[in-house]
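Chain by chain, the residues run as shown.
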Amino acid sequence: MTTTASTTTTMAAITQHGYGGIEQLRIDRMPVPTPGPDQVLVRVHAVSPDSGTIHIMAADPKLVRLAFGWSRPRQPVIGLSFAGEVVAVGDRVEGVAVGDRVAGSAPAAFAEYVVAAPQKIARIPDAVSMTDAATLAISGTTALQAVRDAARVQAGQSVLVIGAGGGVGAFLVQLAVAAGARVTGVASAAKADLVRSLGAIDVIDYRTTPGPEGWGRFDVIIDTADGRALHVLRRALTERGTLVIVGADNAGGPLLRGADRQLRAVLQNPWVRHRLAAVVNRENGDDVAVLLDMVARGALRAPIDAVAPLEEALPLIERLQRQQVAGKAVIRLVAEADSSR
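This write-up is about the structure you can find in this document. The structure displayed is predicted, hence computed values, not measured ones.

Cut-offs used in this document
- Residues numbered from 1 in each chain as written.
- Predicted model: local features only at pLDDT ≥ 70, side-chain atom pairs only at ≥ 80, totals over all residues.
- Heavy atoms only, no water.
- Patch = residues over 30% accessible without salt bridge, like charges linked within 9 Å, V, L, I, M, F, W, Y side chains within 5 Å.
- Areas by Shrake-Rupley, 256 points an atom, 1.4 Å probe, with all protein chains shown as cover.
- Salt bridge = Lys/Arg side-chain N within 4 Å of Asp/Glu carboxyl O.
- Helix = DSSP H or I, 4+ residues; strand = E, 2+ residues; numbered from the N terminus.
- Buried < 20%, exposed > 50% of the residue type's maximum accessible area, 1.4 Å probe, protein only.
- Arc of directions from axis to C-beta.
- Contact = heavy atoms within 4.5 Å.
- Pairing = 2+ DSSP bridges.
- Right-handed = clockwise from strand over helix to strand, strands pointing away.
- Axes fitted to C-alpha atoms, helices over the stretch in contact; angles between N-to-C directions.

The next subject is a nonpolar patch on the surface. A cluster of nonpolar side chains, contributed by Leu63, Leu66 and Trp70, occupies part of the molecular surface with about 350 Å² of accessible area. Mapped onto the fold, Trp70 is located in the loop between α2 (63-68) and β5 (81-89). A residue is classified by how much of its surface remains accessible, and Trp70, at 56% relative accessible area, is exposed.

A few words now on helix α10 (residues 313-321). A turn of α-helix holds 3.6 residues, and therefore any two residues three or four places apart point the same way. Residues of α10 that are buried: Ala313, Leu314, Leu316, Ile317 and Leu320. On an axial view of α10, the arc spanned by its buried residues comes to 160 degrees, and they lie on one face. Of the surrounding elements, those touching the buried residues of α10 are β2 (10-16), β3 (25-31), α1 (51-58), β15 (304-309) and β16 (328-332). Backbone geometry just after α10 places Gln323 at a positive phi near 60 degrees.

The subject of this paragraph is the pairing of β16. Among the 5 residues in β16, 4 count as buried, and that is most of the element. Where strand β4 (residues 40-47) and β16 come together, 2 bridges link them in antiparallel fashion. Within β16, the residue paired with Val47 across the bridge is Ile331. The parallel pair β15 and β16, bridged by α10, forms a crossover whose chirality is right-handed.

Ordered by their spatial adjacency, 6 strands build an open sheet running β11-β10-β9-β12-β13-β14, and the pairing between neighbours is parallel. This sheet does not close on itself; its edge strands, each paired only once, are β11 (202-205) and β14 (275-278). Averaged over all pairs of adjacent strands, the angle between their axes in this sheet comes to 20 degrees, without regard to strand direction. Judged from the 4 bridges that link them, strand β10 (residues 182-187) and β11 form a sheet pairing that is parallel. Across the sheet, residue Val186 finds its bridge partner in β11, namely Ile204. This element, helix α5 (residues 167-178), spans β9 (158-162), β10 and β12 (218-223) of the sheet and lies at about 170 degrees to β9.

Using the criterion set out here, one finds 13 salt bridges in the structure. Ionic pairing is found between Arg26 and Asp28, a salt bridge with its closest N-O pair at 3.6 Å. By relative accessible area, Arg26 is classed as partly exposed at 43%. A salt bridge links Glu283 to Lys120; its shortest N-O distance comes to 4.0 Å. Here Glu283, found in the loop between β14 and α9 (285-297), pairs with Lys120, found in the loop between β7 (113-116) and β8 (121-123); they are 163 residues apart in sequence, far enough to count as distant. On the basis of relative accessible area, Glu283 is assigned to the partly exposed category, the value being 29%. Because the salt bridges share partners, they merge into one network encompassing Arg148, Asp149, Arg282 and Asp287.

This part covers the pairing of β7. Alternating positions in β7 separate into two faces, Tyr113 and Val115 on one and Val114 and Ala116 on the other, with burial throughout. Across 4 bridges, the pairing between β4 and β7 is antiparallel. Within β7, the residue paired with Val42 across the bridge is Val114.

The next point concerns helix α8 (residues 259-268). For α8, the set of buried residues is Asp260, Arg261, Gln262 and Ala265. Among the structural elements, β12, α7 (230-233), β13 (237-245) and β14 are those in contact with the buried residues of α8.

What follows concerns unusual backbone geometry. Phi angles above zero are rare outside glycine, and Ala108 is one such case at about 60 degrees. As for its position among the elements, Ala108 is in the loop between β6 (101-105) and β7. Among the residues examined, Ala108 registers a relative accessible area of 15% and is labelled buried.

These results come straight from atomic positions and should not be treated as a statement about function.
This is the structure we're talking about:
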């Protein structure tokens, strides 16, 4: 195994000790993980919580417990999306070297060190900061897979993004605009300026225009937040339009939540005139690399609302839980001046 000259045996990490609210999180000291022969060890510079962080923290939907532990999470360190510098490389790893700046996803990412699989990371271009790169691996790639693969957005189409002011939604708007679509966002009035700055031609305030009957007709609807029944949302589609369900915190029952509508979309698709699709993130470094390249070229920006140091991470996660973050939040473990070269 190749390592840097200096190592440490313990690290700071954000840990979860039960299911519930922010009171279940702490900043603890943990052993630095050891990478296997097919893994790399990364010194983490920045991380970015997402809605999945909140769902796991609260065990909502209840199926979270089946995957992560029934009474408490089996993995105490939270988080997935990170950016940092490779400090050790497993014996069988190729194409990644000590000193590489990388971004990607891995379990237990919200710590000073994380073990990652090479296929789930990508090199960060010199023009991209660690702070920006940390936002991409979950929210950004979910949006990319929704626009490119599920919705198949084409130039000239009209696209409605529901939840356009959220972490995934802010990327959805930009990626649909980059594909040549005319984009309308549904968001709160507090997030309208952000959504317009990302390229939306119009923003619908869901509080003053709550129903699809007042939204107009669209070739594509991508829903991250609404929670309405599929047949209701389909009323706002053109004759052969596409509805893509990414998720919705207030949908479904306690067992499935938003996954209920994703499942329904897949089951109903063969039987309706509209095309229905669902998106569940496929973590991979190739999609992270696509987004990093777009950020480096100025074709995409990380829609960051707030950045906090590790010691202020828990209040920031609570803001995200209360849906008070417009776009993305970032927790920085290394000062930005020390994160770029």
